[in-house]
Amino acid sequence: MSAKIIDGKAFSAEVRARVGEQVARLKAAHGITPGLAVVLVGEDPASQVYVRNKGKQTVEAGMESFEHKLDADTSEAALLDLVARLNADPAVHGILVQLPLPGHMNADAVINAIDPAKDVDGFHISNVGLLATGQKAMVPCTPLGCLMMLRDQHGDLSGMNAVVVGRSNIVGKPMAQLLLRDSCTVTIAHSRTREIETVCRQADILVAAVGRPEMVTGDWIRPGATVIDVGINRVPAPEKGEGKHRLVGDVHFESASQVAGAITPVPGGVGPMTIACLLANTLTACCRANGLPEPEGLTA
Ligand code: GUN
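Residues numbered from 1 in each chain as written. Predicted model: local features only at pLDDT ≥ 70, side-chain atom pairs only at ≥ 80, totals over all residues. Heavy atoms only, no water.

Trainee: Give a detailed account of unusual backbone geometry, specifying residues and quantitative values.
Mentor: Cis peptide bonds are those with omega within 30 degrees of zero, and the linkage from Leu 99 to Pro 100 qualifies with 0°. Following the sequence through the fold, Pro 100 ends up in the loop between β4 (94–97) and α4 (107–111). The residue after Val 266, namely Pro 267, is reached through a cis peptide bond having omega -5°. Residues other than glycine seldom take positive phi values, yet Ser 183 does so here, at roughly 65°. Take Ser 183: it is sitting in the loop between α7 (172–181) and β6 (185–189). On the basis of relative accessible area, Ser 183 is assigned to the partly exposed category, the value being 41%. (Helix = DSSP H or I, 4+ residues; strand = E, 2+ residues; numbered from the N terminus. Buried < 20%, exposed > 50% of the residue type's maximum accessible area, 1.4 Å probe, protein only.)

Trainee: Kindly report on the nonpolar core, identifying the contributing residues and their values.
Mentor: Ranked by size, the top nonpolar core spans 54 residues in total, and within it Val 19 and Leu 179 carry the most contacts. Of all elements in the fold, only α1 (8–30), β2 (35–41), α6 (141–154), β5 (161–165), α7, β7 (205–208) and α10 (271–289) reach the threshold of two or more residues within this core. Tallying contributions element by element places α10 first for this core, with ten residues. Apart from residues lying up to four places away in sequence, Val 19 is in contact with Ala 61, Met 63, Ala 276, Leu 279, Ala 280, Leu 283 and Leu 298. Counting 20 residues, the second largest nonpolar core, distinct from the first, contains Ala 203, Val 216, Ala 225 and Val 259. (Core = buried A, V, L, I, M, F, W, Y, C linked by side-chain atoms within 4.5 Å. Contact = heavy atoms within 4.5 Å.)

Trainee: Describe the packing of α6 against α10, and please don't skip the residues or the numbers.
Mentor: Running from N to C, α6 and α10 cross one another at 100°; their axes reach a closest spacing of 8 Å. Put simply, α6 runs roughly perpendicular to α10. Of the residues in α10, those in contact with Cys 141, Thr 142, Leu 144, Gly 145, Met 148 and Met 149 of α6 are Met 273, Thr 274, Cys 277, Leu 278 and Asn 281. Per-class residue counts for the contact of α6 with α10 are seven nonpolar, four polar and no charged. (Axes fitted to C-alpha atoms, helices over the stretch in contact; angles between N-to-C directions. Parallel < 35°, antiparallel > 145°, perpendicular 65-115°, else oblique. Nonpolar A, V, L, I, M, F, W, Y, C, P; charged D, E, K, R; others polar.)

Trainee: Would you mind going over the sheet that holds β7 in detail, with residue names and values included?
Mentor: Read across the sheet, six strands follow the order β1-β11-β8-β7-β5-β6 without closing on themselves; strand pairing throughout is parallel. Each end of this open sheet is capped by a strand with a single partner; those strands are β1 (4–5) and β6. Relative to β6, β5 runs parallel, the two sharing five bridges. Of the residues in β6, the one forming a bridge with Val 164 is Ile 188. On top of the sheet, α6 reaches β1, β7, β8 (226–229) and β11 (262–263); it is set at about 160° to β8, its chief contact. The strands touched by α7 are β5, β6 and β7; relative to β5, the strand with the most contacts, the crossing angle is about 170°. (Pairing = 2+ DSSP bridges.)

Trainee: Explain the site of the ligand to me, using residue names and the numbers behind them.
Mentor: Around the ligand lies a shell formed by Tyr 50, Leu 96, Val 97, Gln 98, Leu 99, Asp 121 and Phe 123. Within the backbone of Leu 99, one N or O atom sits 2.8 Å away from a nitrogen atom of the ligand. Interatomic distance of 2.6 Å between a side-chain N/O atom of Asp 121 and a nitrogen atom of the ligand. Alone, the ligand offers 280 Å² of accessible surface; in the complex the protein occludes 80% of this. Taken atom by atom, the bulk of the ligand overlaps the largest pocket. (Near = heavy atom within 4 Å. Polar contact = N/O pair within 3.5 Å; in protein donor to acceptor, adjacent residues only side chain to side chain. Areas by Shrake-Rupley, 256 points an atom, 1.4 Å probe, with all protein chains shown as cover. 1 Å grid on protein atoms, 1.4 Å probe; cavity = no way out; pocket = protein on both sides within 12 Å on 5 of 7 lines; lining within 4 Å. Sits in = over half its atoms within 2 Å of the grid points.)

Trainee: Tell me about the pairing of β4, and name the residues and values.
Mentor: On a regular strand, one side chain projects to one face of the sheet and the next to the other, so that they alternate. Here β4 shows no split at all, with Gly 94 and Leu 96 on one side and Ile 95 and Val 97 on the other all buried. As paired elements, β2 and β4 share four bridges and run parallel to each other. From the neighbouring strand, Leu 36 faces β4, where its bridge partner is Gly 94.

Below, the structure written as structure tokens:
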């Protein structure tokens, strides 16, 4: 069997178009433009690329983009001062502080200084608690993107066996919470899980978010399962030339796609959904801040 390939590039474009339409309606009906502030500290090249893409797609969706670039040696106090100003700025509906932060900063302290209503990453401890208790939260973008893809594939997820491989605060844990909220039977597997292959083979939905290149192979997958690969790993590719690399996921695509019913590729699967969901979250935050109804089809 050969799996259906879930096209994250096309689906994320649809989500961004939906965001754009609702932003246009918000402007026309209420004169409100959602605004997203992105803060980048230092010059990590991967972070610079992310931030540039975020800014570009924010503007394309009709929103305001505010970029704040700070030197790597900026003090934590100065960053907290900027966060406080963004919290107080009514034109800013979403705040994202790009991670990782330089080593001299306490990332938890910075994230928890963001107004939870503007925390479009969903990393603030209040949002973590709201999600875990089934209340209205800001939901982390990557798991939200995975959930949207799964709902698009299956409609109702109720009663499905879901296995999440990985227990990070950014993906694994919130992913498990979202699947539980959609009435899946959820297992979180990780590096210490015994007989992890057997656990994974129970899954109707398998989400791989461990950061280990091609760890999940075809023999870990139940025939017909839906496989969502969150991993983005750069591995050496000598076949492309000396010093060259290629991107692979946490799933061994070649063997997995022979067994799965549907699978996300890397690149072009989950990756593009993250920024689309960031835009969706910014629109959601803006609607909530103005006492307007939630945007349609863009929330958990
Ligand atoms: N760095 C890499 N991905 C992310 C993300 O989704 N949010 C933040 N804040 N930093 C990141």
